[in-house]
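Geometric and topological summary
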Amino acid sequence: MGGVGIMMEVGFNSLFVFLAAMLVFFMQAGFALLEAGNVRMKNAGHVAGKTMLTLGVAILSWWAFGFGFAFGDGNRLLGMTGYLFGGEGDIGSFRVLSDIGVPLNLMFLFQMAFAAVSLAIACGGMAERARLSVYIVFGALFTIIIYPMVTHWVWGGGWLGSLGMQDYAGSTVVHLTGATAALAATILLKPRLSKYGQDGKPKSIPGHNQVITVLGVIILWIGWFGFNPGSALTPLNDGFFGYVLLTTNLAAAAGGIAALLISWIVRGKSDIPSMLNGVLGALVAITGSCAFVDTWASILIGAVAGMITFFAGRWIERAGIDDPIAAASVHGIAGVWGAISTGLFATPKLVESTGVGQAGLFYGGGLGQLGVQILGVVGTFAFVFILSLSILWAMKKLMGLRVTQEEEVMGLDLSEHGSYGYPEHMKWRMKAAGSSSMKDKENEGHEGHDLLVTRSAAVE
């Protein structure tokens, strides 16, 4: 009877993890809509298609080496076994995953979806100016080397995990890692054409479709129900995943409202993109702390994250960093806040329940856990930024990172793929641009004076 019970438990766990993995996997649809809506029409098809490309790169790279480096048996820095993953027969190479009550194949799928999310974030900062080949080469190296090493440090038996770093579902591992790589890429790629005026002040380059951006955020919000609650892995364990779902949802709601209100106060108008970034920033922040904090603290964490994303995004833009999807502020700065928040608000009861780390500063835990969290953030940022910058710098020298000025003006849909994401609409736009006067050309074509530039300016 005991054997039957164990089999039933493993079956429930397997179904639970499979559904959670599908929710996280479906977040790629959210990223595609979010990023496509946030860029100009002439780049929408490219950006959406790029999401599918990087997903394929992530899956193959994770299978070949990433999963082994992240969770294979090894030392405090890196896994050394389990490359070219072969399924359940490789369980002996993954001792850290051998006793969790979930088949190894499903853990591979679940963690692969996490890796793909981090890569999507890393590639988001390159939007509207990076060559398609860059996503392939850097995507493979990111998924094979950069992301797995940080994952191993925290979840695979590495040095941060041994110190008791609390990162339940990846504020640091997934989001800060991806955002840091995006920041390095954004710095090397430099801003999009005409993003900054001659006075150095940033100009607004609005996305072409706010409606699909909203839809993308809703899909990501739903996907987070697999991201955070799914990390419980075992649904029969007192239903703890339900509590994680509660704190996750509360934080997201608080972040969106806080960001909208702060934008209303600062700008005099309520800004929808700021609200969307506030929701995402709150979800990022609560990702690491969702299993460690009380409900009231989750609301506070989400609200602070929403406000942080608003002000951080403005500061980053004014600093000359052109980040089209706000990866650095939404996934980076909010990820830092999420990591630090457990060092402040982790409760003794929830720490005992999860078995990770110590109580936070405000619950009598002193500075110990807060220090571990800060160490994890600093160590992750330094490692990912230096390695990403080095890889991208080498790629820039060997193959180039950015499309030509003419290709950027034309739009990456046409220059990289030979067709527009909105072919009928673009045909009408191009026809209208072709009948413009020379005076219109001079006014609209600030990046050049030929017909190509004029037509591209008309469709931006």
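The structure under discussion appears in the preceding block.
Now for a look at the structure at hand. (Residues numbered from 1 in each chain as written. Predicted model: local features only at pLDDT ≥ 70, side-chain atom pairs only at ≥ 80, totals over all residues. Heavy atoms only, no water.)

1. A few points about the overall build of the chain
For the chain, the count of helices and strands is 18 helices and 0 strands. For the chain, the C-alpha radius of gyration of 22 Å lies close to 23 Å, the compact-globule estimate for 460 residues. On the principal axes, the C-alpha backbone points of the chain span a range of 80 × 50 × 40 Å. The proportion of buried residues among the 460 residues of the chain is 55%. When contacts within the chain are restricted to residue pairs at least 6 apart in sequence, those whose partners lie at least 24 apart make up 74%. When the 26 positive and 28 negative side-chain charges of the chain are each reduced to one mean point, those points stand 10 Å apart. (Helix = DSSP H or I, 4+ residues; strand = E, 2+ residues; numbered from the N terminus. Rg over C-alpha atoms; globule rule 2.2 N^0.38 Å. Buried < 20%, exposed > 50% of the residue type's maximum accessible area, 1.4 Å probe, protein only. Contact = heavy atoms within 4.5 Å. Lys, Arg positive; Asp, Glu negative; His and termini not counted. Charge placed at Lys NZ, Arg CZ, Asp CG, Glu CD.)

2. What about the packing of aromatic side chains?
Scanning all chains against the criterion turns up 26 aromatic pairs. A centroid spacing of 5.2 Å and a plane angle of 85° characterise the contact between F67 and F85, whose relative ring orientation is edge-to-face. Residue F67 is found in helix α2 (residues 44-71), and its partner F85 is found in the loop between α2 and α3 (104-124); the two are separated by 18 residues along the sequence. With relative accessibility at 0%, the residue F67 sits in the buried group. (Phe/Tyr/Trp six-rings, centres within 6.5 Å; stacked < 30°, edge-to-face > 60°.)

3. What to know about the pattern of salt bridges
Tallied over the entire structure, the rule returns 8 salt bridges. Between R192 and D322 there is a salt bridge, and its shortest N-O distance comes to 2.7 Å. With R192 in the loop between α6 (171-189) and α7 (210-227) and D322 in the loop between α10 (295-318) and α11 (327-345), this residue pair connects regions lying 130 residues apart in the sequence. Note on accessibility: R192 and D322 belong to one class, buried. One salt bridge connects R402 with E408, and the closest N-O pair in it is separated by 2.8 Å. The exposure class of R402 is partly exposed, given its relative accessible area of 21%. Bridged by salt links that share partners, the residues R40, E128, R192 and D322 form one connected network. (Salt bridge = Lys/Arg side-chain N within 4 Å of Asp/Glu carboxyl O.)

4. Focus: a nonpolar patch on the surface
Together, L15, F18, L19 and M22 line one region of the surface with nonpolar side chains, adding up to about 350 Å² of accessible area. Considering the arrangement of structural elements, one finds F18 in helix α1 (residues 2-38). (Patch = residues over 30% accessible without salt bridge, like charges linked within 9 Å, V, L, I, M, F, W, Y side chains within 5 Å. Areas by Shrake-Rupley, 256 points an atom, 1.4 Å probe, with all protein chains shown as cover.)

5. A word on unusual backbone geometry
Within the chain, L84 stands out as a residue other than glycine whose phi angle is a positive 50°. Relative to the assigned elements, L84 resides in the loop between α2 and α3. The phi dihedral of K190 falls on the positive side, at around 70°, and the residue is not glycine. Examined against the element boundaries, K190 turns out to sit in the loop between α6 and α7. You can call K190 exposed: its relative accessible area is 53%.

6. Structural notes on α3
Its 21 residues place the ends of α3 30 Å apart at the C-alpha level, agreeing with the 30 Å of an ideal helix rising 1.5 Å per residue. Counting buried residues along α3, 19 of its 21 residues qualify, which places the element largely inside the surrounding structure. (Expected span 1.5 Å × (residues − 1).)

7. A look at the environment of D167
Counting through the fold element by element, D167 comes out in the loop between α5 (159-163) and α6. Overall, the relative accessible area of 4% leaves D167 in the buried class. Each C-alpha atom, one on D167 and one on W155, is 8.6 Å from the other, the two residues being 12 residues apart in sequence. The residues touching D167, leaving out its near neighbours within four places in the chain, are V154, W155, T172, V173, G288 and F292. A polar contact of 3.1 Å, which involves the side chain of D167, links it to the backbone nitrogen of G170. (Polar contact = N/O pair within 3.5 Å; in protein donor to acceptor, adjacent residues only side chain to side chain.)

8. Side note on the packing of α11 against helix α13 (residues 368-398)
At their nearest, the axes of α11 and α13 sit 7 Å apart, and the two run at 165° to each other. Viewed along their axes, α11 and α13 adopt a mutual orientation that is roughly antiparallel. Relative to α13, α11 is oriented so that their crossing is right-handed. Across the interface between the two elements, V336, A339, I340, T342, G343 and L344 from α11 touch Q369, L370, Q373, I374 and V377 from α13. Its residues assigned to classes, the contact of α11 with α13 shows 7 nonpolar, 4 polar and no charged. (Axes fitted to C-alpha atoms, helices over the stretch in contact; angles between N-to-C directions. Parallel < 35°, antiparallel > 145°, perpendicular 65-115°, else oblique. Left-handed = near helix turned anticlockwise from the far one by under 90°. Nonpolar A, V, L, I, M, F, W, Y, C, P; charged D, E, K, R; others polar.)

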